[in-house]
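Take a look at the letters that make up each chain.
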Amino acid sequence: NAGVTQTPKFQVLKTGQSMTLQCAQDMNHEYMSWYRQDPGMGLRLIHYSVGAGITDQGEVPNGYNVSRSTTEDFPLRLLSAAPSQTSVYFCASSWTSGGALPYFGPGTRLTVL
Amino acid sequence: AQKVTQAQTEISVVEKEDVTLDCVYETRDTTYYLFWYKQPPSGELVFLIRRNSFDEQNEISGRYSWNFQKSTSSFNFTITASQVVDSAVYFCALKDSSYKLIFGSGTRLLVRP
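Scoring rules and cut-offs
- Residues numbered from 1 in each chain as written.
- Chains lettered and ligands numbered in written order.
- Predicted model: local features only at pLDDT ≥ 70, side-chain atom pairs only at ≥ 80, totals over all residues.
- Heavy atoms only, no water.
- Contact = heavy atoms within 4.5 Å.
- Buried area = accessible area lost by both parts, 1.4 Å probe.
- Salt bridge = Lys/Arg side-chain N within 4 Å of Asp/Glu carboxyl O.
- Polar contact = N/O pair within 3.5 Å; in protein donor to acceptor, adjacent residues only side chain to side chain.
- Pairing = 2+ DSSP bridges.
- Helix = DSSP H or I, 4+ residues; strand = E, 2+ residues; numbered from the N terminus.
- Axes fitted to C-alpha atoms, helices over the stretch in contact; angles between N-to-C directions.
- Core = buried A, V, L, I, M, F, W, Y, C linked by side-chain atoms within 4.5 Å.
- Buried < 20%, exposed > 50% of the residue type's maximum accessible area, 1.4 Å probe, protein only.
- Disulfide = S-S within 2.5 Å.

A. Layout of the interface of chain A and chain B. Listed by partner, the interface residues are 22 residues for chain A and 17 residues for chain B. Both faces considered, chain A and chain B share a buried interface measuring about 1,600 Å² in area, 63% of it formed by carbon and sulfur atoms. The interface formed by chain A and chain B holds 0 salt bridges in total. There are 4 residue pairs in polar contact (both at pLDDT 80 or more) connecting chain A and chain B.

Here it is as structure tokens:
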């Protein structure tokens, strides 16, 4: 099992560019989510999905799009990157049962110039 | 609404001192789960413990112990005889019926030799 994988590990963008952060899991988990981590603010939920075809917004969804066409993949799209989106992004997956342990990917460090 | 508060932004101790990291949470649900994660300088998130709302028994694992008190909505984490390798950012997180895992802002622990 690879667990939760994220690509790329590092990315530098210019303001206005678009890109997709990839997240994949091989544990057949229904629930997947994206977080961003900024200094002093902990991890904040961007978007989440409870299954293929179902997505919803978290605490800080503006500027990000997601889709979930398969159980395994949950890409995060930045349509027009802004410097405020400079952050470390974590993807997580778990079963949907209440206390299911979330598994986190290694993170993607994104810098927007 | 869910909320997790870690009021201690940064704590500095000398090796072998005991240190307690505070976590206070808010939720309207009667069934919920609490987590602690460690984030070492390398950046990955390391799971430490999970607790459900029906189990108030304190837990000890080696030098780590957790004190869960529903009456004060707190889930505090104590490291006994701290070591330099304990230096990291520690996050408390809450998951209730909404499936979302909500994090506190984290406490940076520095253990000096």
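B. Representation of the sheet that holds strand β3 (residues 19–25) of chain A. Residue and element names in this part refer to chain A. Read from one edge of the open sheet, 4 strands run β1-β3-β8-β7, paired in antiparallel fashion. Because the sheet does not close on itself, it has two edges, and the strands there are β1 (4–7) and β7 (64–66). For this sheet, the mean angle separating the axes of adjacent strands, direction not counted, is 20 degrees. Where β1 meets β3, 4 bridges bridge the pair, whose relative direction is antiparallel. Of the residues in β3, the one forming a bridge with valine 4 is glutamine 25.

C. Spotlight on the nonpolar core. Residues Trp36, Trp66, Phe77, Tyr90 and Leu109 of chain B are the most contacted members of the largest nonpolar core, which totals 24 residues. Listed by contribution, the elements that provide at least two residues to this core are β2 (10–14), β3 (19–21), β5 (33–39), β6 (46–52), β8 (64–69), β9 (74–79), β10 (88–95) and β12 (107–112) of chain B. Among the elements that take part in this core, β10 of chain B stands out by supplying 4 residues, more than any other. Non-local contacts of leucine 109 of chain B, meaning those with residues more than four positions away in its chain, are made with Ile11, Val13, Val19, Ile79, Asp86, Ser87, Ala88 and Tyr90 of chain B. In terms of nonpolar packing, the next biggest core, distinct from the first, is built from 19 residues, Met32, Trp34, Ile46 and Val112 of chain A among them.

D. Inspection of the side chain of glutamine 8 of chain B at higher detail. Residues and elements named next belong to chain B. Within the secondary structure layout, glutamine 8 lies in the loop between β1 (3–5) and β2. Reaching out from glutamine 8, the side chain makes a polar contact with the backbone oxygen of threonine 20 at a distance of 3.2 Å. For glutamine 8, the residues in contact, after removing those within four places along its chain, are Thr20, Leu21, Asp22, Gly106 and Thr107.

E. Fine view of the state of the cysteines. One pass over the full model with this rule turns up 2 disulfides over all chains. At a sulfur-sulfur separation of 1.8 Å, the disulfide partner of cysteine 23 of chain A is cysteine 91 of chain A. Measuring the twist about the S-S bond at about -70 degrees, one finds the cysteine 23 of chain A-cysteine 91 of chain A disulfide to be left-handed. Residue cysteine 23 of chain A is found in strand β3, and its partner cysteine 91 of chain A is found in strand β9 (residues 87–94); the two are separated by 68 residues along the sequence. Owing to a relative accessible area of 0%, cysteine 91 of chain A belongs among the buried residues under this scheme. With a sulfur-sulfur separation of 2.0 Å, cysteine 23 of chain B is cross-linked through a disulfide to cysteine 92 of chain B. Between cysteine 23 of chain B and cysteine 92 of chain B the sulfur-sulfur dihedral comes to about -65 degrees; the bridge is accordingly left-handed.

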